[in-house]
Amino acid sequence: MMVKAIAQMRRAVRGLAVLLLAAASLPSAQAQTAPSPPVKIDDDGTVHVPAMAVPVSSMLSPEAKQYLTDHLKAMQDPVQVQQNNGVPVFMEPYLAEAKAMFAYTLTERRIAGVRVFDYAPKAGIAKRNARRVLINLHGGGFMGCFPACAELESIPVATLGEIRVVSVDYRQGPERKFPAASEDVAQVYRELLKTYPAANIGIYGCSAGGMLTGMATAWFQKHGLPRPGAVGILCAGLTTSANGFGGDADYMTAAVGEARPAPQWPPNGDAPWTALPYFAGSDPTDPLVAPGSSDEVLRQFPPTLIITGTRGFELSSAVNTHSRMVALGVDADLHVWEGLFHGFFYKPDMPESRQAYDVILKFFDRNLGQ
């Protein structure tokens, strides 16, 4: 009986202690106000997201983690984004890496009156590629980055793929307007068709060059030129907007990929549809400007490779372009790199860049004629 009484007393003491602790905390709890919702939703579905911290993806290689950090900091430095003779300052070390890593030859020439940089591996073009050629259309927002973007998009591909790459110095804004670039690409393409079958010609580019790849393909359709064997829309999609390529990515990826804030919402109703001078006066519903505006144009595309990253401001457009192409029966291949940003493969000495080069080369090898 004594043991049972002691046990009951202990349980009572513990119960009293819990009640006393609860009572002691009650005034504090009552004084606190309920926390406001972390996310606010408007009636039209607009989501207001509070300030948040986004760490570097744990899925990246150590090299890519450092690269992302360096890139984000560079994008906040006005000096780093300035161009010296077509070379953005932040790209200078990437160019040095590419020239040190790859053995290639470069011939500057004109094809059909258009200036090009003609790349080939120093060891020679592989036998399987003797009757193949790739046309590169460089990035740069239709406002520069030649030769920097051209070199970073062409040198690794030409050398690792043992194939000829012709990079086009197409006309850009603000001096020139649409459709000058498409005309230049068509001129080069027509001339190369005298040497190479259309099925053996591949066209690819990053950013503006990726968009121009689609625009040129649409231009070929309208002007009766045979479609190329395959195209690569890299760091781009085939839609456009006032803030980039359109969709969620306009608001969700620019901050974590390019260190810039999301655009104003709702937008200024008087703002032009694009800030790019090259497209001044053009119509965003014209498939020669935005091929994604026409299912009929997209349906006629050759096998298409699309590359993007989860922090690329082109992500939504790339995903949308791919899904629409698949629905239209186009042989389209989408690759999305986790944690990486617009044009991530411009740094050649990084595992993820080598993965991207491998995807590009295997795609063209699989789809171009012999």
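Structure report, in brief. (Residues numbered from 1 in each chain as written. Predicted model: local features only at pLDDT ≥ 70, side-chain atom pairs only at ≥ 80, totals over all residues. Heavy atoms only, no water.)

**Concerning the environment of alanine 123**
- Structurally, alanine 123 is set in the loop between β6 (114–121) and β7 (133–137).
- C-alpha separation for the pair alanine 123 and valine 165, spaced 42 residues apart in sequence, amounts to 14 Å. (Helix = DSSP H or I, 4+ residues; strand = E, 2+ residues; numbered from the N terminus.)

**Details of empty space enclosed by the protein**
- Under the counting rule described, the total for this entry stands at one cavity of 30 Å³ or more.
- In this model, the largest cavity occupies a volume close to 30 Å³.
- Leu152, Glu153, Val157, Tyr204, Leu234, Phe345, Tyr357 and Ile360 together form the lining of the largest cavity.
- Grouping the amino acids of the lining of the largest cavity by side-chain chemistry returns seven nonpolar, no polar and one charged. (1 Å grid on protein atoms, 1.4 Å probe; cavity = no way out; pocket = protein on both sides within 12 Å on 5 of 7 lines; lining within 4 Å. Points joined across faces, edges and corners; volume = space filled by probe spheres on them. Nonpolar A, V, L, I, M, F, W, Y, C, P; charged D, E, K, R; others polar.)

**Some thoughts on the state of the cysteines**
- Under the defined criterion, the tally for this structure stands at two disulfides.
- Disulfide pairing places cysteine 206 opposite cysteine 235 at an S-S distance of 1.9 Å. Between cysteine 206 and cysteine 235, the S-S torsion sits near -120°, and that sign places the bridge as left-handed. Within this pair, whereas cysteine 206 is found in strand β9 (residues 201–206), its partner cysteine 235 is found in the loop between β10 (230–234) and α7 (249–252), the two being separated by 29 residues in sequence. Each member of the pair, cysteine 206 as well as cysteine 235, carries the same accessibility label: buried.
- The connectivity of the disulfide bonds within the chain can be written as 1-2, 3-4, using the sequence rank of each bonded cysteine. (Disulfide = S-S within 2.5 Å. Buried < 20%, exposed > 50% of the residue type's maximum accessible area, 1.4 Å probe, protein only.)

**Considerations on unusual backbone geometry**
- With omega at 0°, the peptide bond leading from glycine 173 into proline 174 counts as cis.
- Turning to its location among the elements, proline 174 is positioned in the loop between β8 (165–168) and α5 (180–192).
- A cis amide bond, omega -5°, links tryptophan 265 with the succeeding residue proline 266.
- Secondary-structure assignment places proline 266 in the loop between α8 (254–258) and α9 (295–299).
- Positive phi outside glycine occurs at cysteine 145, with the angle close to 70°.
- Within the secondary structure layout, cysteine 145 lies in the loop between β7 and α4 (148–161).
- Looking at cysteine 145, the relative accessible area reads 3%, which means it is buried.
- A positive phi angle is found at serine 207, which is not glycine, with a value near 60°.
- Summarising the element assignment, serine 207 is placed in the loop between β9 and α6 (208–222).

**Digging into the sheet that holds strand β11 (residues 304–309)**
- With mixed pairing, eight strands are arranged side by side in an open sheet as β5-β6-β8-β7-β9-β10-β11-β12. Of all the strands in the sheet, just β5 (104–111) and β12 (332–337) have a single pairing partner and so form its edges. Across this sheet, the average inter-strand angle for adjacent strands is 20°, counted without regard to direction.
- Of the strand pairs in this sheet, β10 and β11 are connected by four bridges, and their pairing is parallel. Within β11, the position partnered with leucine 234 by the bridge is isoleucine 307.
- On top of the sheet, α6 reaches β7, β9 and β10; it is set at about 140° to β9, its chief contact. (Pairing = 2+ DSSP bridges. Axes fitted to C-alpha atoms, helices over the stretch in contact; angles between N-to-C directions. Contact = heavy atoms within 4.5 Å.)

**Remarks on α4**
- For α4, with 14 residues, the first-to-last C-alpha span of 20 Å sits near the 20 Å given by 1.5 Å per residue.
- Remark: the principal bend of α4, roughly 25°, maps to serine 154, with a proline, proline 156, within the next four residues.
- When you tally the buried positions in α4, you get 13 out of 14 residues, the bulk of the element.
- One or two positions beyond α4, positive phi appears at glutamate 162, with a value near 50°. (Expected span 1.5 Å × (residues − 1). Bend = angle between axes of the 7 residues up to and from the residue.)

**Quick look at the pattern of salt bridges**
- Considering all chains together, one arrives at 16 salt bridges under this definition.
- Put simply, glutamate 151 and lysine 99 hold a salt bridge, and the shortest N to O gap is 3.5 Å. Taken together, the residues glutamate 151 in helix α4 and lysine 99 in helix α3 (residues 92–101) connect sequence positions 52 residues apart.
- Using a relative accessible area of 44% as the deciding quantity, one classes lysine 99 as partly exposed.
- Here glutamate 108 ties to arginine 115 by a salt bridge, and the two come within 2.8 Å at their closest N and O atoms.
- Here the salt bridges do not stand alone but share partners, grouping Arg128, Arg132, Glu162 and Asp365 into one network. (Salt bridge = Lys/Arg side-chain N within 4 Å of Asp/Glu carboxyl O.)

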